[in-house]
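Chain by chain, the residues:
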Amino acid sequence: MASKIQPLADYVVAQTEEAASKTASGLYIPEKSQEKPKIAKVVAVGPGRVGDDNEHIPIGVKVGDRIIYGGYSNTDIKHDGDDYMLIKEENIYAVVK
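1. Structural notes on the overall build of the protein chain
Part 1 of the argument: Secondary structure assignment for the protein chain yields zero helices and eight strands.
Part 2 of the argument: Each helix (α) and strand (β) of the protein chain, taken in turn from the N terminus, gives the series β-β-β-β-β-β-β-β.
Part 3 of the argument: Looking at the protein chain residue by residue over its 97 residues, the buried ones come to 27%.
Part 4 of the argument: Long-range pairs, those at least 24 residues apart, make up 64% of the contacts in the protein chain with a sequence separation of at least 6.
Part 5 of the argument: For the protein chain, the exposed area adds up to about 6,800 Å²; of that, 53% sits on carbon and sulfur atoms.

As structure tokens, this is what we get:
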């Protein structure tokens, strides 16, 4: 359960969404051939960071947001049998609405 993982500073814990293994036309794509998904769901956020002027800067995403992130900018972690990623906020490019 991700609630047991509490990220620090401006880090976010997210869970990758599964890539579709079947195309719209009904063809199945082998897992090795699939491009790695770059969309994930936020499951926990840190408190934010402290700026140069010693002011608190909160994180711009919240639990439940779907995000687009940089492909190699995350740390993969496994907790209680589930796979998660630890991502620094600066490596989150967008929130999917």
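Further notes follow.
2. Concerning the sheet that holds strand β5 (residues 66-69)
Each strand in a sheet pairs with another by means of backbone hydrogen bonds, the pair being arranged parallel or else antiparallel.
Part 1 of the argument: Strand order in the open sheet made by the six strands is β6-β7-β1-β2-β5-β8, with antiparallel pairing throughout. Here the strands that pair on one side only, and so sit at the sheet edges, are β6 (74-79) and β8 (92-96). Going across the sheet, the axis of each strand differs from the next one's by a mean of 40°, ignoring polarity.
Part 2 of the argument: Where β5 lies against β8, four bridges are found, and the strand directions are antiparallel. In the sheet register, Ile68 faces β8, and the bridge partner there is Ala94.

3. Remarks on unusual backbone geometry
Part 1 of the argument: A positive phi angle is found at Asn54, which is not glycine, with a value near 70°.
Part 2 of the argument: Owing to a relative accessible area of 66%, Asn54 belongs among the exposed residues under this scheme.
Part 3 of the argument: Phi at Asp80 takes a positive value of approximately 50°, unusual for a residue other than glycine.
Part 4 of the argument: Topologically, Asp80 is positioned in the loop between β6 and β7 (82-88).

4. Regarding the side chain of Asp10
Part 1 of the argument: Mapped onto the secondary structure, Asp10 falls in the segment before β1 (11-16).
Part 2 of the argument: Separated by 2.9 Å, the side chains of Asp10 and Lys88 make a polar contact.
Part 3 of the argument: If we ignore the near neighbours within four places in the chain, the residues touching Asp10 are Gly48, Arg49, Ile59, Ile87, Lys88 and Glu89.

5. Notes on the side chain of Asn74
Part 1 of the argument: Assignment of secondary structure puts Asn74 in strand β6.
Part 2 of the argument: Taking relative accessible area as the criterion, Asn74 reaches 18% and is therefore assigned buried.
Part 3 of the argument: Setting aside residues up to four positions removed in sequence, Asn74 forms contacts with Tyr69, Met85, Leu86 and Ile87.

6. With respect to the pairing of β6
Part 1 of the argument: Sheet topology note: the β6/β7 ladder contains six bridges and is antiparallel. When the sheet's bridge partners are listed, Asp76 is paired in β7 with Met85.
Part 2 of the argument: Between β6 and β7, which pair antiparallel one after the other, the connecting turn spans two residues, and Asp80 there sits at a positive phi close to 50°.

7. A look at the nonpolar core
Part 1 of the argument: Counting residues in each nonpolar core, the largest one holds 11 residues, listed as Val12, Ala14, Ala40, Val42, Ile59, Val61, Ile67, Tyr69, Met85, Ile87 and Ile92.
Part 2 of the argument: Among the secondary structure elements, those contributing two or more residues to this core are β1, β2 (39-45), β5 and β7.
Part 3 of the argument: The residues contacting Ile87, other than those within four sequence positions of it, are Asp10, Tyr11, Val12, Ala14, Ile67, Tyr69, Asn74 and Ile92.

Cut-offs and rules
Residues numbered from 1 in each chain as written. Predicted model: local features only at pLDDT ≥ 70, side-chain atom pairs only at ≥ 80, totals over all residues. Heavy atoms only, no water. Helix = DSSP H or I, 4+ residues; strand = E, 2+ residues; numbered from the N terminus. Buried < 20%, exposed > 50% of the residue type's maximum accessible area, 1.4 Å probe, protein only. Contact = heavy atoms within 4.5 Å. Areas by Shrake-Rupley, 256 points an atom, 1.4 Å probe, with all protein chains shown as cover. Pairing = 2+ DSSP bridges. Axes fitted to C-alpha atoms, helices over the stretch in contact; angles between N-to-C directions. Polar contact = N/O pair within 3.5 Å; in protein donor to acceptor, adjacent residues only side chain to side chain. Core = buried A, V, L, I, M, F, W, Y, C linked by side-chain atoms within 4.5 Å.

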